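One letter stands for each residue in the lines below.
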Amino acid sequence: MKAIISHDIDHISVLEHTFKDAIIPKFMVRMHIELLAGKISLREYMLRWTDFFKNKWQNIDELITYNNINNVPSSFFIAVNRGIGLNYSNRAAFLWIEQMKHRNCEINIHGIEFENQDLINKEFELFGGLADRKNFGVRMHYVRNSAQTFNMLNKAGYSFDSTEHSFKDPYKIGNMWEFPFQIMDGWIIEDGKKWQSLNLEKAKEKTLKIIDQANQHNLKYLGIDFHDRYFSHSFKTWLNWYMWLVEYLKSNKIEFVNYGDAIKELEK
Ligand SMILES: [Zn+2]
């Protein structure tokens, strides 16, 4: 089994959210619940205020640097439309796409449109233009999909999608590869709530169970989604969980590849 780690970019700055959605009040409620429930330390709580006043809700550069040191190829999903709680502009996305290109990242769309072929096609073309790329994949924001989503993504021209959550090997839908994935940071650490509910030790236990399950299914690839937003000392459990996971996979001789590498292997 090899591992494919990827990162969804849901936020870039704090100010992109002002008055446009309920993200800032939700952020405030969440950090107070987490502090009072003893899930985060006073230091983490204070650091969240620091991020807030720095207007910085992404950790893309820091994450790429960490990945590079650990031979993890950095693969990102970045949005070109606004969606639930996702509000950054095309200009902000474009600036980060340029940065990610300079750092040799794999860049794909964090998709918003999932149920209308014309809008899916438009989103595909908009990203192709902004990123100046022809071959790229998609993961839907909030992994939203309907019965027709994957067929429509194939028709739009995506080379792959990684929205499905299941213990299956990659499979083809027309010309498009579907890469089911198994681990998402939020599913582990929030565990069905809207705030951190597991501590690091419990999060590790839960993750190991999923890795066991992936092994039992003899999967070719273990798919992991970690949001760059949480690669920060203000989300210490999330940060430590990610670094532990990378170390764990390394110590078990699991090789890291990106989607492009995996598609080449699958089509050999
Ligand atoms: Zn998302």
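Here's what I pulled together on the structure shown here. (Residues numbered from 1 in each chain as written. Predicted model: local features only at pLDDT ≥ 70, side-chain atom pairs only at ≥ 80, totals over all residues.)

**So, the overall build of the chain**
Okay, so step 1: In terms of helices and strands, the chain carries 10 helices and 9 strands.
Okay, so step 2: Over its C-alpha atoms the chain spans a radius of gyration of 18 Å, differing by no more than 12% from the 18 Å that the globule rule assigns to 268 residues.
Okay, so step 3: Along the first, second and third principal axes, the C-alpha set of the chain runs to 50 × 45 × 35 Å.
Okay, so step 4: Considering the chain as a whole, with its 268 residues, one finds that 40% of them fall into the buried category. (Helix = DSSP H or I, 4+ residues; strand = E, 2+ residues; numbered from the N terminus. Rg over C-alpha atoms; globule rule 2.2 N^0.38 Å. Buried ≥ 20, exposed ≤ 12 C-beta atoms within 10 Å, placed from the backbone.)

**A look at helix α2 (residues 42-54)**
Okay, so step 1: Along its 13 residues, α2 runs 18 Å from first to last C-alpha, staying within 8% of the 18 Å computed at 1.5 Å per residue.
Okay, so step 2: Positioned one or two residues after α2, Asn-55 has a phi angle of 60°, which is positive. (Expected span 1.5 Å × (residues − 1).)

**Remarks on the nonpolar core**
Okay, so step 1: Counting 64 residues, the largest nonpolar core has Ile-78, Ala-79, Ile-107, Ile-109, Leu-153, Ile-224 and Tyr-242 as the members making the most contacts within it.
Okay, so step 2: Top element by residues in this core is helix α9 (residues 236-251). It accounts for 7 residues.
Okay, so step 3: Not counting residues within four places of it along the chain, the set of residues in contact with Ile-224 comprises Ala-3, Ile-5, Phe-181, Ile-183 and Leu-245. (Core = buried A, V, L, I, M, F, W, Y, C linked by C-beta atoms within 7 Å. Contact = placed C-beta atoms within 7 Å.)

**Overview of the sheet that holds strand β9 (residues 221-225)**
Okay, so step 1: Across the sheet, 9 strands lie side by side as β6-β7-β5-β4-β3-β2-β1-β9-β8; this open sheet has mixed pairing. In this open sheet, the two strands that pair with only one neighbour each are β6 (171-173) and β8 (183-184). (Pairing = 2+ DSSP bridges.)

**What about helix α8 (residues 200-216)?**
Okay, so step 1: Taking 1.5 Å per residue as the helical rise, α8 with its 17 residues ought to reach 24 Å, and the 24 Å between its terminal C-alpha atoms agrees with that figure.
Okay, so step 2: Of the positions making up α8, those classed as buried are Ala-203, Thr-207 and Ile-211. In a view along the axis of α8, the buried residues occupy a sector of 75°, so they form one face of it. Summarising the geometry of α8, the exposed residues directed more than 90 degrees from the buried face are Glu-201, Glu-205, Leu-208, Lys-209, Asp-212, Gln-213 and Gln-216. (Arc of directions from axis to C-beta.)

**Overview of the packing of helix α5 (residues 117-131) against helix α6 (residues 149-156)**
Okay, so step 1: In contact at an axis separation of 9 Å, α5 and α6 are set at 45° when each is read in the N-to-C sense. By the angle between their directions, the pair α5 and α6 is classed as oblique. Handedness of the α5/α6 crossing: right-handed. Contacts from Gln-117, Ile-120, Asn-121 and Phe-124 of α5 reach α6 at Met-152, Leu-153, Lys-155 and Ala-156.
Okay, so step 2: In the contact of α5 with α6, the residues fall into 5 nonpolar, 2 polar and 1 charged. (Axes fitted to C-alpha atoms, helices over the stretch in contact; angles between N-to-C directions. Parallel < 35°, antiparallel > 145°, perpendicular 65-115°, else oblique. Left-handed = near helix turned anticlockwise from the far one by under 90°. Nonpolar A, V, L, I, M, F, W, Y, C, P; charged D, E, K, R; others polar.)

**Observations concerning unusual backbone geometry**
Okay, so step 1: Even without glycine at this site, Asp-132 takes up a positive phi of about 55°.
Okay, so step 2: Within the secondary structure, Asp-132 sits in the loop between α5 and β4 (137-140).
Okay, so step 3: Unusually for a residue other than glycine, Tyr-142 sits at a positive phi of about 60°.
Okay, so step 4: Along the polypeptide, Tyr-142 turns up in the loop between β4 and α6.

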